[in-house]
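Residues per chain, in single letters:
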Amino acid sequence: MKSPRWPLWGALLLLVGALLTVLVFLAAEYEVGRDQASLDQEALDVASDIRSDLLRNVQSLQALNAFAPTPQSWDTPAADLLSGRREMVRLEWRDNALRPLAQRLSPYSADVFGALGREQALPEVRQACEAGRRLSGPAYSPSYFWPVRDGRGMELMELCLPLTEAGNPRGFLVATYTLKGILAELADASAVRGRGLSFADADGTRLAVHSVIAGERRTLRAQALIDLPGHTLLLQLESPRRALGLFPNVLTGVVGALSLALLGVLFMLARDTRRRQHAEERAAEALAFRKAMEDSLVTGLRARDMAGRITYVNPAFCQMVGLSAEQLVGTGLPAPWWPPELVDEYQQRQNVRLAGQTLPREGYESVFQRSDGTRFPVLIIEAPLIDARGVQTGFMSAIIDLTEQRRVEELNRASQDKLQATARLATVGEMASLISHELNQPLAAIASYASGTLNLLEQGEGALERTDLHGAIRRIAEQAERAGRVIRSVADFVRRRDQVREDVAPQRLIDGIATLLSLQAKKQSIRLAVEIAPGTPDVHCDRTMVEQVLLNLARNGMQAMPLGDPPTASGLRVLRIAIAPALPDRDAAGLRWVRFDVIDHGQGLSPEAAERVFTPFFTTKAEGMGLGLSLCRTVVEQHGGALSFEPVAPRGMRFAFTLPAAAALL
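Since the structure is predicted, the reported quantities are computational estimates derived from the model, not experimental observations. (Residues numbered from 1 in each chain as written. Predicted model: local features only at pLDDT ≥ 70, side-chain atom pairs only at ≥ 80, totals over all residues. Heavy atoms only, no water.)

1. Section: the side chain of Q236
Examined against the element boundaries, Q236 turns out to sit in strand β10 (residues 231–240). You can call Q236 buried: its relative accessible area is 4%. A polar side-chain atom of Q236 sits 3.0 Å from a polar atom in the side chain of Q223. Here the side chain of Q236 touches E238 through a polar contact of 3.3 Å, side chain to side chain. In this view, Q236 contacts G196, L197, S198, A200, R206, R221, A222 and Q223; residues no more than four positions away in its chain are not counted. (Helix = DSSP H or I, 4+ residues; strand = E, 2+ residues; numbered from the N terminus. Buried < 20%, exposed > 50% of the residue type's maximum accessible area, 1.4 Å probe, protein only. Polar contact = N/O pair within 3.5 Å; in protein donor to acceptor, adjacent residues only side chain to side chain. Contact = heavy atoms within 4.5 Å.)

2. A look at the sheet that holds strand β21 (residues 643–647)
Strand order in the open sheet formed by five strands is β17-β19-β20-β22-β21, and the pairing between neighbours is mixed. Bordering the open sheet on either side are β17 (527–532) and β21, each of which pairs with just one other strand. Across this sheet, the average inter-strand angle for adjacent strands is 15°, counted without regard to direction. Bridge analysis of β17 against strand β19 (residues 574–581) gives six bridges, and the strand direction is parallel. By the bridge assignment, E531 is partnered in β19 with A578. Helix α12 (residues 506–523) rests against β17, β19 and β20 (593–599) of the sheet, and its axis sits at about 175° to β17. Sheet strands touched by helix α15 (residues 628–638): β21 and β22 (653–660). Its angle to β21, the strand with the most contacts, is close to 130°. (Pairing = 2+ DSSP bridges. Axes fitted to C-alpha atoms, helices over the stretch in contact; angles between N-to-C directions.)

3. Let's talk about the packing of aromatic side chains
Taken as a whole and assessed by the stated rule, the structure comprises seven aromatic pairs. An aromatic cluster of three or more residues is present, and its members are F113, Y144 and W146. Positioned above the aromatic ring of Y108 is the side chain of R86, whose terminal nitrogen or guanidinium carbon lies 3.9 Å from the ring centre. The ring of F376 is capped by R370, whose NZ or CZ atom sits 4.1 Å from the centre of that ring. (Phe/Tyr/Trp six-rings, centres within 6.5 Å; stacked < 30°, edge-to-face > 60°. Lys NZ or Arg CZ within 6 Å of the ring centre and 35° of its normal.)

4. Regarding α15
Looking at α15, one finds that the buried residues are L629, S630, L631, C632, V635 and V636. Just beyond α15, the residue with positive phi is G640, at close to 90°.

5. Side note on the packing of α12 against helix α13 (residues 543–559)
Interaxial distance between α12 and α13 falls to 9 Å at its minimum, and their mutual angle equals 30°. Classified by the interaxial angle, the pair formed by α12 and α13 is roughly parallel. Relative to α13, the crossing made by α12 is right-handed. Packed against α12, whose contacting residues are R508, L509, I510, G512, I513, L516, L517, Q520 and A521, the element α13 presents R543, V546, E547, L550, L551, A554, R555, M558 and Q559 at the interface. In terms of residue class, the contact of α12 with α13 is built from eleven nonpolar, three polar and four charged. (Parallel < 35°, antiparallel > 145°, perpendicular 65-115°, else oblique. Left-handed = near helix turned anticlockwise from the far one by under 90°. Nonpolar A, V, L, I, M, F, W, Y, C, P; charged D, E, K, R; others polar.)

6. Some words on the nonpolar core
Membership of the largest hydrophobic core comes to 44 residues, with the highest contact counts inside it found for I50, L61, L91, I182, F199 and L235. The biggest single contributor to this core is helix α1 (residues 6–67), with ten residues. Dropping the residues within four chain positions of it, I182 is found in contact with I50, L54, E87, M157, Y177, A187 and F199. Counting 38 residues, the second largest nonpolar core, distinct from the first, contains L516, V546, C632 and F655. (Core = buried A, V, L, I, M, F, W, Y, C linked by side-chain atoms within 4.5 Å.)

7. Description of unusual backbone geometry
Note: most peptide bonds trans; most residues except glycine with negative phi. Across the junction of A649 and P650, the peptide omega takes the value 5°, indicating a cis bond. Residue placement: P650 occurs in the loop between β21 and β22. Unusually for a residue other than glycine, S136 sits at a positive phi of about 55°. If you trace the backbone, S136 turns up in the loop between α3 (122–135) and β3 (139–140). Its identity is not glycine, yet S525 carries a phi of approximately 55°, on the positive side. For S525, the location among the structural elements is in the loop between α12 and β17.

8. Side note on α12
Here α12 spans 25 Å end to end across 18 residues, near enough to the 26 Å set by a 1.5 Å rise per residue. The principal kink in α12, of about 50°, is found at A514. Every buried residue belonging to α12 is among P506, L509, I510, I513, L516, L517, L519, Q520 and A521, and all of these are buried. A positive phi of about 55° marks S525, the residue just after α12. (Expected span 1.5 Å × (residues − 1). Bend = angle between axes of the 7 residues up to and from the residue.)

Right, here's the structure in full:
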């Protein structure tokens, strides 16, 4: 008795057999389709090669008449061209009325127009030339059958190329092609080996045959169009169809292949499982690494949802506010680290953010309160928190404690003040000898006039004249006033003042240091030249500090020109101070600047000194402290400008800096 499961197994086997048969049929059709697609592509490639070669022939024909402009010189180049173009059987030069001026036959074949005269083919020539004249370029005639001797014939096609000279027509160049020659010479031999290649008509009639497939019943056929100006050729490529190779045990082979495929699937499944495990391990390691990195940060991290509730904090943030993560996660607004008096302000700011008006990405400063009540400044940088689907789920914030930064800034400010004071004292020390030299003259004059006055008084009333006494006292007053001006100029410069910026005319800056500059210039026989361009605006600056910058740069320039170098006779012992509006008139932000140039004709800077010229405590002078140029650059940069230097011809250096114009603040 048969088991009742056999009919079910039989149906299952039939179903499997049918499925396998369908699979084999689909595989065979796939192979046929792939072969057909490959053949179609090869036909397109062959057509493209023929089209490209025909275009190169046109270029060669255009070059022919460019190098042989007369019928007498045309014959030899035409013969050379035909010797390299087997697909052409005839080449003609005709005038505008299509009358022949010169002609040349191919050396590889007899005259195809020997049986019938060339005049019989003039309609095709005329049709091609009219198309060429209309297109202003090469044009082809439709192919036509031309009989030859022994009852045979061939398919020909005419190419007509209009010739012009200085825009005027000068005839036509006519080339006669054989379609069979085009197939034999222009088609890639490797692409058509073992295949049939021909030109066919629209109804399938073969016009020219290069090769055929003999004795093949199953044939794949592909066609491609060769679109030429005035005519279109249909290229046909044939290839034998490969046998399907079906065997009686194909079912066993298919089942075995399916079994191997199943094993392959199981293998790939196991491999994918291992890969997934490795990926999960790497993800766990990455998560642990990220957690360790976040825990080690000194920057506080805080995540909040769209309602303002905290969803994540790192240990640094907890340490900042003095609360644990359990106390913070899940809390909303107002935040427990907000100072009580600032709750309303912070609440309004949070409402603006939650409404979609986010704060700048560069961050903003705020004040937090620790759990013990102490306040500390922070910098908050906040950005939208976007999930993997691109949806905003909240806000991510980075909080930086600014307490230490503010302390360092205060120390730097104090150090900078001390540095400026030290530099000013150093400047005064270096100028002391010059001031003492200049004060000796008025003091000596005062002593002389006082001594003369005493002598007059001792001689008695007879020798004393009121005019002489009055003149002597007036001279004493003048010299005392002169000494006082020198002392006041130094006192005003050295006196410590609050750094208040004001609008100052460039001339006032020069006047503030003119006395001090004149002292050193006179001692070193240097001529001062101050040039202020007309229309130069006032500058907005700290007057005392900018005067110190100008004085330092000018003194450095004069010290670079010791006595005798350059010689006085050279006319180069000049220190020039030029002040003018900076170019371009305005920068990218629309602000105006004024440029100050201090130019000397000294010994210049060596490459080593140029690299360290702004380094604090670096100096090339025996008595210098190396703080002058460093202080100058600090002062200029605090004003928003820049200090630079460059050599000038024939010798010397130019130090230039910029200051904001007063109008720049409007």
